Amino acid sequence: MQISPLEGGRGFVLSLYDYTGEAVLPWAEAGFACLCFDIQHPDWASAVPVRIASGGYILKVAVDLWDWSNLAEIARNFRSRVAFMSSFPVCTDMAVSGAKHFAAKAKADPLFQVKAVRRAAWCGRLGDMLGCSWYAENPVSVLSSLWRRPDYTFDPYEYGGYIPEDRAAHPRWPEYLPARDCYTKKTCIWAGGGFVMPDRRPVPLPDDYRGSLIWAKLGGRSDKTKNIRSATPRGFARAVFEANSPRLARPVESRFGV
């Protein structure tokens, strides 16, 4: 893999295992150069950034993140040039929601979870190598016992207040994701580099709320349903940006030489 950094705008924001780009959209709208790395991206997407009026952009790059040499190259190319990093390591072999399959997976490969946890921990290692604030997100999983306990947990509705009421409906998947992220899904955050967990601005759950219906709508194993299920809640993405971007008050181009 060869990566040649493009123009940096206000600075680079990287996102690992990110197919949708929802996590970096607030940063791009603020003028940052955002790169989303995921093996699902088609090769041509690596050369076609989505430009934002602010001057920022989102570039989706096809990368096999299960190969440490690719993460090492990202570190070499972007070291001291990154404003922020998010990551969403594959949870298929770690999430407790899939525990009923663990025995069969272990029979096929006794090290299947060791490998999955190692790849998740690599995200934190890369963030430290880049010298930036970073977080890794996963549902409730064995990461808590096989890597380390999460630093924070949240449910999407707790950050729904960051979404304006006139933009309540999800712009991409309104038929699947409730307006203003008004649903529960316990999510864990591992963080480092001075990451600031944002203050909560919850929206009220309905009085008759009995749990998220997302699994009913997004069950199955297709890449489409997995990607929608794993998309970063809009409110949390906005909250993370608002909590962490003030630390970059000095022009990023002068701080990082971009």
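Shown above is the structure to which this text applies.
The text that follows walks through the structure, step by step, so that each part is easy to find. Chains are numbered independently. Their residues run from 1 in the order of the written sequence. Reporting of local features is limited, given that this is a predicted model, to residues whose pLDDT is at least 70; pairs of side-chain atoms are given and counted only at 80 or more, and all residues count toward the totals for whole chains, interfaces and linings. The basis for every side-chain value is the complete set of non-hydrogen atoms in the structure, without hydrogens or water.

A few points about the overall build of the protein chain
Segments assigned H or I by DSSP are reported as helices when at least four residues long, segments assigned E as strands when at least two residues long, and all are numbered from the N terminus. For the protein chain, the count of helices and strands is 9 helices and 8 strands. A total of 258 residues make up the protein chain; the buried ones form 50% of that total. Considering only intrachain contacts with a sequence separation of at least 6, the fraction spanning at least 24 residues in the protein chain is 75%. Exposure was quantified through the Shrake-Rupley algorithm and a 1.4 Å probe, taking into account, for residues, occlusion by the shown protein chains and nothing else. When the accessible surface of the protein chain is split by element, carbon and sulfur atoms take 53% of a total near 12,300 Å². Burial here depends on accessible area, computed with a 1.4 Å probe over protein chains only, as a share of the maximum for the residue type. Under 20% is buried, over 50% is exposed, and the range in between is partly exposed. Whether two residues touch is decided by their heavy atoms; if any such pair falls within 4.5 Å, the residues are in contact.

Describing the sheet that holds strand β4 (residues 57-61)
When DSSP locates at least two bridges between a pair of strands, those strands are taken to pair. Pairing is mixed in the open sheet, where 8 strands are placed in the order β3-β4-β2-β1-β5-β6-β8-β7. Edge positions in the open sheet fall to β3 (50-51) and β7 (152-154), since each of these has one partner strand only. With 5 bridges connecting them, strand β1 (residues 12-16) and strand β2 (residues 33-37) associate as parallel partners. Directly across from V13, in β2, lies its bridge partner C34. Sheet strands touched by helix α4 (residues 112-130): β1, β5 (82-87) and β6 (133-139). Its angle to β5, the strand with the most contacts, is close to 180 degrees. Axis angles are defined between N-to-C directions and span 0 to 180 degrees, where every axis is a line fitted to C-alpha atoms and, for a helix, only to the segment in contact.

Here we look at the environment of I58
In this fold, I58 is placed in strand β4. On the basis of relative accessible area, I58 is assigned to the buried category, the value being 10%. Along the chain, I58 and C36 lie 22 residues apart, while their C-alpha atoms are 7.2 Å from each other. In this structure, I58 is in contact with G21, V24, L25, A28, C34, C36, P49 and V50, ignoring residues within four places of it in sequence.

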